[in-house]
Amino acid sequence: LKMFWFYLPLHLLMVACLCHSIKVPTTGSQQSFKTDLFNFYHSLILADGKETTVHLLKDIPKRYYFVLEESRALAPFTITVTPCDVPIEWSIHVHKASASFLGKAARGDHGNQEDPKSQKTPSMVSTIFNYKGNSVETYMGMSSHSALYMLEFLSTERDTHITVYFTTDTTSGHLYPELPMDPRLDIVGIGHTTVTLTWEHSPSVLQHRENIQYCLLVNEKHNYKSLCAAETAIRSSGMKLPPALALSLSPYLLEPQQVMILSNSELSIINKASSGEVRQICVGTKNTYTVPNLSPSTQYYFDVFVVNLLTNASAAYTGTFARTLEEPEPKVMELKDGKVIQVVLDGKKGKFYSLQYQAMHKKIQFSFQLCHGQVQIHITKNGKTVVLENISGLRYFSLKGKLLDTYLVQLRSTEDSNSSVKVQVSSHFHKPLFPLLPESLKIKSFSKLRTCNSVTIAWLGTQEESKYCVYKKRIEEDQVWRELQSADRCSGPESRPKSEKVLCKYFYDINLQRAVTTETIQGLDAGTLYLFDVYLFGPSGIPIRYHSKVVKTRKKC
């Protein structure tokens, strides 16, 4: 029996000593004793030199143990706890066993029948550290006695998980990268869509540059005290964490078929969810970075983590926040009564072009002619919306108000390519900008009237006598789509070669049912494609272009 005690490992010997010191319970307390004994024997031994992931259930404490042996005089140790979600409570308790009692246990003198009241407690239990919060916290201690340590963790808000790193080896480097003496982020520049950050280098970067990199986290909610907490927040918001990414530090985040990319080149991932946007950027070992593509007048939170690519461990700098500058007010162009302007809109930027008009009459009329692309029109009167729609072709808006009412017209291309539109505002309804339009601006061709050298076309007119000019252009088969798509519906015949002009004529009819005219164009080549255009001129002289028509002459007659 003495030999049995002698060969027991120290941590089991101390457990046995602690059990030996427990008084035999009375019948009334046997159930509680069994529960305590069960919890003690089913607690976990904390691994030395490894990071352990601990899952906590709400309101249920979890305990881990480790032993420091007496032979290691003044043995140093460190414990780092990283909450990955909500604040937790954790504490360190130590059981220091007395040497005399350990000697008795080793000699087998456990049969002593002294009065329990006079027997001294063979171990002393004390709490040496406790903490409550969600910050990464490190305890550094020194032990001069054989002792059994207990770590107790508790989450009172909800189920969560944490990471715990325990080590007694403080001489062979650090699992976690080191932070500089001043771990704060400095903001050195703020723009409308950019923020420039800088920070002091981590000593780990200077010593192990090839294995360390900085990763930046940008979001609109709040700062994160650890990368573990950031990953948990991204996952709980419904966003899918990016695979094969050095930011995904915990090995359990990676799928079996995924490989972690270890690169010093810049790597940027944007995760979007209903809760907002989280941008993750790894910038290698640069300690200055300009974050691009931000929204104007928006507050952003910035966190920098220094990451050990070999151990997947990280340390967090002290986060900061900044608000981007307000977007400058777009330039507003004044509209003059009766004057026509043509506006070209950049489809790629998607910005509004603004026009302003102060009414000199109670009734006014806006006229819009779409030249190319697709355009959205937004008109406000004294700040209130009166028109909001996408236009095609020619569009009029007659509005009523008061003298000196202020109208703001905002135009925006709804396509990725550029769009253009002509705009006029006028208080003179009797002097319309554009001519009276027919019911349709389509040109019709008659297949049965086609010959090898002529085609016949027709178009609708109006009840107002107007001038119509016909133009033709010879094209190839592969040019049809481009010609129809690129046609500028605002350009007049002055932009065309004189050789393309066929004729001009005047006509009208009081009866709209008979307001139609036909024209046969002669002198064409057989089996050839032609593009025909008709221009309508009103009293103001501004032309309206009918929809182009492509007709092919017969090859054989």
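Residues numbered from 1 in each chain as written. Predicted model: local features only at pLDDT ≥ 70, side-chain atom pairs only at ≥ 80, totals over all residues. Heavy atoms only, no water.

Under an unreviewed UniProt entry, the name given to the chain is Protein NDNF, and the organism recorded is Columbina picui. Quoted straight from UniProt, the Subcellular location (unreviewed entry) entry for the chain says "Secreted". (UniProt positions renumbered as here; feature names shortened; annotations may be inferred.)

What follows covers the confidence of the model for the chain. Mean pLDDT over the chain: 79, with 77% of residues reaching 70 or higher. The model gives residues 240-266 a pLDDT under 50, and that stretch makes 62 contacts with residues more than four places away or in other chains. (pLDDT = per-residue confidence, 0-100. Contact = heavy atoms within 4.5 Å.)

Evaluation of the coordinates by the stated rule reveals 13 salt bridges. The shortest N-O distance in the salt bridge between Lys505 and Glu519 comes to 3.2 Å. One end of the pair, Lys505, is in strand S31 (residues 501-507); the other, Glu519, is in strand S32 (residues 516-521), and 14 residues separate them in sequence. The pair Lys505 / Glu519 is uniform in exposure class, with both members buried. (Salt bridge = Lys/Arg side-chain N within 4 Å of Asp/Glu carboxyl O. Helix = DSSP H or I, 4+ residues; strand = E, 2+ residues; numbered from the N terminus. Buried < 20%, exposed > 50% of the residue type's maximum accessible area, 1.4 Å probe, protein only.)

On the surface, a nonpolar cluster with roughly 320 Å² of combined accessible area is contributed by Met360, Leu403 and Leu404. Counting through the fold element by element, Leu403 comes out in the loop between strand S25 (394-400) and strand S26 (406-413). (Patch = residues over 30% accessible without salt bridge, like charges linked within 9 Å, V, L, I, M, F, W, Y side chains within 5 Å. Areas by Shrake-Rupley, 256 points an atom, 1.4 Å probe, with all protein chains shown as cover.)

What follows is about the sheet that holds strand S29 (residues 455-460). Two pairing modes exist for strands in a sheet, parallel and antiparallel, and in both the strands are linked by backbone hydrogen bonds. Strands sit in the order S28-S29-S32 across an open sheet of three strands; the sheet is antiparallel. Because the sheet does not close on itself, it has two edges, and the strands there are strand S28 (444-445) and S32. Strand direction decides the pairing type here: S28 and S29, joined by two bridges, are antiparallel. Its bridge partner lying in S29, Ser445 is registered against Ile457. (Pairing = 2+ DSSP bridges.)

On to the pairing of strand S9 (residues 160-167). Most of S9 sits inside the fold, with eight of its eight residues counted as buried. Of the two faces of S9, the one lined by Thr160, Ile162, Val164 and Phe166 and the one lined by His161, Thr163, Tyr165 and Thr167 are each fully buried. The pairing of strand S4 (residues 75-83) with S9 spans six bridges and is classified as antiparallel. The partner of Pro83 across the bridge, within S9, is Ile162.

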